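# A structural walkthrough
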Amino acid sequence: MRLEYVLVKRVSKKKSGPNLGAAVAAFLLVLVSATVATPEFRHGRIRVGGVVVNVEIADDGEKRYYGLRYRTRLAPDSGMIFIFDAPPPVQFTMKDTRMSLSVAFFDASRKITEVMEMKKGDAATAYRPRGLVQYALEMEPGWFAKRKIEPGASFDWIRQRSD
C-alpha cells in the first residue's frame, strides 16, 4: 500500500535512533490498518429451493468488492447475496477469502442459472457465469449440492415483520 510506504519512509528518516523510528513506523502502520473497516452489511432472509437462508446484503460497489474476504466460516444456512444494479458481466475471485465457497448465479427473474464451487485463496481464477446475472449467492462449500438446489430453482425475499 502506498500510504504504508510513505509513512515508513518519512518516519525512518528522522534522527531519533534506529529502534525508535522503526517502532513509530510499526505503530503508524497498525493505526492505519485499524481504520480500514469492514463495510456495514444489511441483513435479510430469502427462501431458495424451499430453504430459508439468512443473508448479508452486498448491494453497492464497496460491499460487493469486500464480500466475504477475511472470513473463516459462515453460520449454518447463512451467506451473502450480491445484488447488481443491472445485469453486467460479472466475475468473482477468491482473493483474501479464507474459506472455500459455493456460489449460485441468478438472472433478473431470480432463477439460478449456474452453481460453481470456488476454492479459498485462489486469486488467480476468475469465476464467471456464462450469461448475464442480477444476483449471486455465496454459501458454504457444497451447500447447493447437499440440498439438491440446481439451476432453475429460484429465490424469494422473506419480509421482515414490523410488529
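Preceding block: the structure.
Heads up: these notes are all about the structure in this document. Since this is a predicted model, take the numbers as computed values, not measurements.

### Notes on the layout of surface pockets
- Empty space within the largest pocket amounts to approximately 250 Å³.
- Lining of the largest pocket is provided by 17 residues; of these, Arg64, Tyr65, Arg69, Phe92 and Thr93 occupy positions nearest its centre.
- Per-element accounting of the lining of the largest pocket gives the leading share, three residues, to helix H3 (residues 61-66).

### Describing the packing of aromatic side chains
- Overall, the coordinates contain seven aromatic pairs when judged by the stated rule.
- Judged by centre distance (4.9 Å) and plane angle (85°), the ring pair of Phe82 and Phe92 falls under edge-to-face. Here Phe82 is found in strand S3 (residues 78-83), whereas its partner Phe92 is found in the loop between S3 and strand S4 (101-106), with 10 residues between them in sequence. Across this residue pair, the class does not change: Phe82 and Phe92 are buried.

### Observations concerning the sheet that holds strand S6 (residues 135-139)
- Reading across the sheet, the seven strands line up as S5-S4-S6-S3-S2-S1-S7 and stay open at both edges, with mixed pairing between neighbours. Among the strands making up the open sheet, the edge pair consists of strand S5 (112-118) and strand S7 (155-158). Taking each pair of neighbouring strands and ignoring which way they run, the sheet shows an average axis angle of 30°.
- In this structure, strand S2 (residues 51-58) lies alongside S3, joined through five bridges in parallel fashion. Residue pairing in the sheet places Ile57 in a bridge with Ile81 of S3.

### Structural notes on the pairing of strand S1 (residues 42-48)
- With seven bridges connecting them, S1 and S2 associate as antiparallel partners. Paired with Ile46 across the bridge in S2 is Val53.
- One ladder, built from four bridges, connects S1 with S7; its direction is antiparallel. Among the inter-strand pairings, Val48 is bridged to a residue of S7, identified as Phe155.

### A few points about the nonpolar core
- The biggest cluster of nonpolar side chains holds 19 residues, and the ones touching the most others in it are Phe82, Phe92, Leu101, Phe105, Met118 and Ala136.
- Elements with a contribution of two residues or more to this core: S3, S4 and S5.
- Those residues in contact with Met118 that lie beyond four places of it in its chain are Phe92, Met94, Ser100, Leu101, Val103, Tyr127 and Glu138.
- Within the second largest apolar cluster, 18 residues are counted, among which are Ile46, Val48, Ile57 and Ala153.

### A short note on unusual backbone geometry
- Look at Asp77: it is not a glycine, yet its phi comes out positive at around 50°.
- Within the secondary structure, Asp77 is located in the loop between H3 and S3.
- We classify Asp77 as partly exposed; its relative accessible area is 26%.
- Phi angles above zero are rare outside glycine, and Lys148 is one such case at about 55°.
- Looking at the element boundaries, Lys148 is found in the loop between helix H4 (143-146) and S7.
- A residue is classified by how much of its surface remains accessible, and Lys148, at 69% relative accessible area, is exposed.

### With respect to the pattern of salt bridges
- According to the stated counting rule, one finds 11 salt bridges in the structure shown.
- Arg42 serves as the salt-bridge partner of Asp59, at 2.8 Å between the closest nitrogen and oxygen. On the criterion of sequence distance, the pair formed by Asp59 in the loop between S2 and H3 and Arg42 in strand S1 is long-range, its members being 17 residues apart.
- Ionic contacts of the salt-bridge type, sharing partners, join the residues Arg42, Asp59, Asp60 and Lys63 into one network.

### A closer look at the pairing of S4
- Summarising burial for S4: six of the six residues are buried, a large majority.
- Across the two faces of S4 the burial is the same, with Leu101, Val103 and Phe105 and Ser102, Ala104 and Phe106 all buried.
- In terms of strand pairing, S4 meets S5 through six bridges, oriented antiparallel. The residue of S5 that forms the bridge with Ala104 is Val115.

The rules we used
Residues numbered from 1 in each chain as written. Predicted model: local features only at pLDDT ≥ 70, side-chain atom pairs only at ≥ 80, totals over all residues. Heavy atoms only, no water. 1 Å grid on protein atoms, 1.4 Å probe; cavity = no way out; pocket = protein on both sides within 12 Å on 5 of 7 lines; lining within 4 Å. Points joined across faces, edges and corners; volume = space filled by probe spheres on them. Helix = DSSP H or I, 4+ residues; strand = E, 2+ residues; numbered from the N terminus. Phe/Tyr/Trp six-rings, centres within 6.5 Å; stacked < 30°, edge-to-face > 60°. Buried < 20%, exposed > 50% of the residue type's maximum accessible area, 1.4 Å probe, protein only. Pairing = 2+ DSSP bridges. Axes fitted to C-alpha atoms, helices over the stretch in contact; angles between N-to-C directions. Core = buried A, V, L, I, M, F, W, Y, C linked by side-chain atoms within 4.5 Å. Contact = heavy atoms within 4.5 Å. Salt bridge = Lys/Arg side-chain N within 4 Å of Asp/Glu carboxyl O.

It is worth stressing that arrangement in space is one thing and function is another; only the former is reported here.
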